[in-house]
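# Tertiary structure, described
Each chain is listed here by its residues.
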Amino acid sequence: MTEQMRENENTSGQTEQKKPDGLANYYKRSAYGARVAFFVTLVLLIAFTVFCIGFYKDHITSDNIRYFFKYIDITSADNIPSDAEITVSEGENASYIMLYNDIAAVSDGGISLYDFAGNKLYSYKYSYSNACAVTNGKSILVYDSEGTGLSIYSTVSKIHETSFDYEVKSACMNKLGCFAVINSEKTYRSGIIVFDRDYNEIFRWMSPDKYVTSLDINANASKAAVSCVRNENGSFVTDLIVFDTSTGEKEYQKTLYDSMALKIRYAGNDSYICALTDSALIFYDNKLEELAYNSYNPSNAKFFKDYDNCFLIAESSSLAGSTMKLTAYSYDGDSMFSVISENGITDAVYDDTTLFLLTRETLEVYEYDGNAQSGGEIEKIGEKELGIQYKYVKTDSYGRYIIIGAKKAKRGLLALLLEEQLEN
């Protein structure tokens, strides 16, 4: 009996000794697992960082880092009232372009970027004789139409700058960041040069007898559409040409007699080509087969605007009166809607289904039902009286708008404008 009790005591002691060893092994395995998880996370983080550096290498500069630390704000607070005057004016000759949700002010002396609170995010100086700008929404390309300079800016800094041997008559840029310019060479009258997103030249075409008046490239820069003017028997003749930039071959060509093309562009996910001449707005498919022809009076035309889903033309009803008509066309040639203003039309912005119309006295907001096939219905949903005359209206993706004059600017919120409309 005594021996059996001793054996039980020994067995119990051995069990008690094994318990600490099992617990130690558990913590050891847990620590090893944690180290592995940490190592894997670190490797993934490094891989992600390397990928981002490679993918966004064109946007990572010392200026980017400097502006990031200069303007970093973990509170992201904007204490300015929704309806408030702000400072974004660069003078009467400046033009304004939306870059993401910021406003780029382009003048002959430089470019400045402002947020909707009126804070200046950056400013670059240059000396252009006649600064012009185009944007793809992510970057803005500024060129000197009477000089040789060209520069590209992101939302945080200048990312590219170059110059050409001859004047840059016009330029375009697609969503990827590829761009093209109208330029020239010795013994040639005019031509185009196409660049990829890394600023490498991928296509060049020069003509000894044609003047290129406009150009556009498609979504991946595999096609370039140009409009050219030449002389034939003493009359102007316009040639519309589509090039394959990979082979350099002319794929399609269309000739317009007694007409001068002012602008050409791809639209509708490259399904359509729109050509604006000195007397008509002509819509083609991407093989230059005509779909629709809409004439206008060039003496009455005030401005043209093109968007992803429509083309706007503003015309005065008469040479002496202040009544003006804004017409929107879809890129298959259908007339979407028309708006008439007795106060004239200074500027307009069309965003999805909302039209902002800036007149000499008011800012008017319209909503379009989007049914172009049935003629469409457009309804005024808001109006704001203005104390002074403004020149431009711009909008962002947060439902905000800004109206810009020669000496001051004022921002507002669409929801607040509609709420005030309901109260009145």
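See the structure shown above.
About the criteria used
The residue count restarts for each chain, going from 1 along the sequence in the order it is written. Per-residue local features are limited, in this predicted model, to residues with pLDDT of at least 70; the limit for side-chain atom pairs, both in listing and counting, is 80 or more; totals at the level of whole chains, interfaces and linings are taken over all residues. Water and hydrogen atoms were dropped before computing side-chain values, which therefore reflect all heavy atoms in the structure. Helix numbering and strand numbering both begin at the N terminus, where a helix is a DSSP run of H or I of at least 4 residues and a strand a DSSP run of E of at least 2. Burial status follows relative accessibility: with a 1.4 Å probe on protein chains alone, a residue under 20% of its type maximum counts as buried, one over 50% as exposed, and anything between as partly exposed. Here a residue-residue contact requires only that any non-hydrogen atoms of the pair lie within 4.5 Å. To measure how exposed things are, a 1.4 Å probe is used in the Shrake-Rupley method; for residues, cover is taken only from the protein chains shown. The criterion is simple. A nonpolar core is a set of buried Ala, Val, Leu, Ile, Met, Phe, Trp, Tyr and Cys residues joined through side-chain atoms within 4.5 Å. Two strands form a pair only when DSSP identifies at least two bridges running between them. The rule is simple: put a 1 Å grid over the protein atoms alone, call a set of points where a 1.4 Å probe fits but cannot get out a cavity, call an open set with protein on both sides within 12 Å along at least five of seven lines a pocket, and count a residue as lining if it has an atom within 4 Å of a point. Grid points are joined across faces, edges and corners, and a volume is the space filled by probe spheres set on the points. Polar here means any residue outside two lists: the nonpolar Ala, Val, Leu, Ile, Met, Phe, Trp, Tyr, Cys and Pro, and the charged Asp, Glu, Lys and Arg; Gly therefore counts as polar. Axis angles are defined between N-to-C directions and span 0 to 180 degrees, where every axis is a line fitted to C-alpha atoms and, for a helix, only to the segment in contact. Each reported salt bridge corresponds to a side-chain nitrogen of Lys or Arg within 4 Å of a carboxyl oxygen of Asp or Glu. Patch membership requires over 30% relative accessible area and the absence of a salt bridge. Like charges are linked within 9 Å, and nonpolar side chains (Val, Leu, Ile, Met, Phe, Trp, Tyr) within 5 Å. A pair of aromatic rings is counted whenever rings of Phe, Tyr or Trp (Trp by its six-membered ring) have centres within 6.5 Å, and the orientation is called stacked for planes under 30 degrees apart, edge-to-face for over 60 and tilted otherwise. Note on criteria: charge over ring means Lys NZ or Arg CZ within 6 Å of the ring centre, with the direction from the centre no more than 35 degrees off the ring normal.

### Here we look at the overall build of the chain
Along the backbone of the chain there are three helices and 32 strands. For the chain, the residues scored as buried account for 44% of the 424 residues in total. Within the chain, counting contacts between residues at least 6 apart in sequence, those at least 24 apart form 37% of the total. Summed over all atoms, the accessible surface of the chain reaches about 22700 Å², with 50% contributed by carbon and sulfur.

### Quick word on the nonpolar core
Core analysis: the largest hydrophobic core is formed by 30 residues, its most contacted members being Leu312, Leu326, Phe337, Tyr350 and Leu355. Taken together, the elements giving at least two residues each to this core come down to β23 (311-316), β24 (324-329), β25 (335-341), β26 (347-351), β27 (354-358), β28 (362-368), β31 (400-404) and α3 (414-423). Not counting chain neighbours up to four residues away, the residues in contact with Phe337 comprise Leu326, Thr327, Ala328, Tyr350, Leu355, Tyr368 and Ile378. Cys178, Trp205, Ala224 and Cys228 belong to the second-largest nonpolar core, a separate cluster that totals 17 residues.

### Digging into the pairing of strand β8 (residues 149-153)
Of all five residues making up β8, five are buried, and the element is well covered by its neighbours. Going residue by residue along β8, you find Gly149, Ser151 and Tyr153 tucked away on one face and Leu150 and Ile152 tucked away on the opposite face as well. Pairing of strand β7 (residues 140-144) with β8 involves four bridges; the strand directions are antiparallel. Within the sheet, the bridge partner assigned to Val142 lies in β8 and is Ser151.

### Considerations on empty space enclosed by the protein
Within this structure, the stated rule accounts for one cavity of 30 Å³ or more. What lines the largest cavity is simply Asp83, Lys384, Tyr401, Gly412, Leu413, Leu416, Leu417 and Glu420. Counting only elements with at least two residues in the lining of the largest cavity, the list comes to β32 (409-413) and α3. Within the lining of the largest cavity, the residues separate by chemical class into four nonpolar, one polar and three charged.

### Examining the sheet that holds strand β11 (residues 179-183)
The four strands lie next to each other as β10-β11-β12-β13, forming an open sheet whose pairing is antiparallel. Edge positions in the open sheet fall to β10 (170-173) and β13 (201-207), since each of these has one partner strand only. Across this sheet, the average inter-strand angle for adjacent strands is 10°, counted without regard to direction. Sheet analysis places β10 next to β11, joined by four bridges and oriented antiparallel.

### Notes on the pattern of salt bridges
Throughout the structure, instances matching the rule amount to 15 salt bridges. Of the charged contacts, one joins Asp244 and Lys223 as a salt bridge, the two residues approaching to 3.5 Å between their closest N and O atoms. Pair noted here: Asp244 is in strand β16 (residues 235-244) and Lys223 is in strand β15 (residues 223-232), with a separation of 21 residues, a long-range link. Salt bridges sharing common partners tie together Glu185, Glu201 and Arg204.

### Here's the deal with a nonpolar patch on the surface
Side chains of Phe38, Leu42, Leu45, Ile46, Phe48, Val50 and Phe51 sit close together on the surface and give an oily, nonpolar patch of about 750 Å² of accessible area. For Ile46, the position within the fold is in helix α1 (residues 2-55).

### Regarding the sheet that holds strand β4 (residues 110-114)
If you walk across this open sheet you meet the four strands as β2-β3-β4-β5, and the pairing is antiparallel. The sheet is open, and its two borders are formed by β2 (95-99) and β5 (120-125), each paired with just one other strand. Across this sheet, the average inter-strand angle for adjacent strands is 20°, counted without regard to direction. Inspection of the sheet shows strand β3 (residues 102-107) paired to β4 by five bridges, in the antiparallel sense. Its bridge partner being in β4, Ala104 is matched across the sheet by Leu113.

### Focus on unusual backbone geometry
You will see that Tyr199, though not glycine, has its phi angle at about 70°, which is positive. Counting through the fold element by element, Tyr199 comes out in the loop between β12 (190-195) and β13. Phi is positive for Leu288, close to 65°, though the residue is something other than glycine. Tracing the backbone through its elements, the reader meets Leu288 in the loop between β20 (280-285) and β21 (290-295).

### Thoughts on the pairing of β32
As paired strands, strand β1 (residues 84-86) and β32 are joined by three bridges and run antiparallel to one another. Paired with Ala84 across the strands is Arg411, a residue of β32. Here β31 pairs with β32 via five bridges, running antiparallel. In the strand pairing of β32, Tyr401 is matched with Gly412. Hairpin geometry of β31 and β32 is characterised by an intervening segment of four residues between the two adjacent antiparallel strands.

### Comments concerning the packing of aromatic side chains
Under the definition given, this model contains 16 aromatic pairs. Summarising the aromatic geometry, the rings of Phe283 and Tyr331 are spaced 6.2 Å apart at their centres and angled 75° between planes, so their arrangement reads as edge-to-face. In this pair, Phe283 is assigned in strand β20 and Tyr331 in the loop between β24 and β25, connecting sequence segments 48 residues apart. Its relative accessible area of 4% is what places Tyr331 among the buried residues. Residues Phe356 and Tyr401 carry aromatic rings whose centres are separated by 6.2 Å and whose planes lie at 40° to one another, so their mutual orientation is tilted. Placement of Phe356 in strand β27 and of Tyr401 in strand β31 is noted, with a sequence separation of 45 residues between them. Pair check on accessibility: Phe356 and Tyr401 agree, each one buried. Clustering of aromatic rings is evident, with ring pairs tying together Phe164, Phe179, Phe195 and Tyr199. If you follow Lys305 out to its NZ or CZ, it ends over the ring of Phe303, 5.9 Å from the centre.

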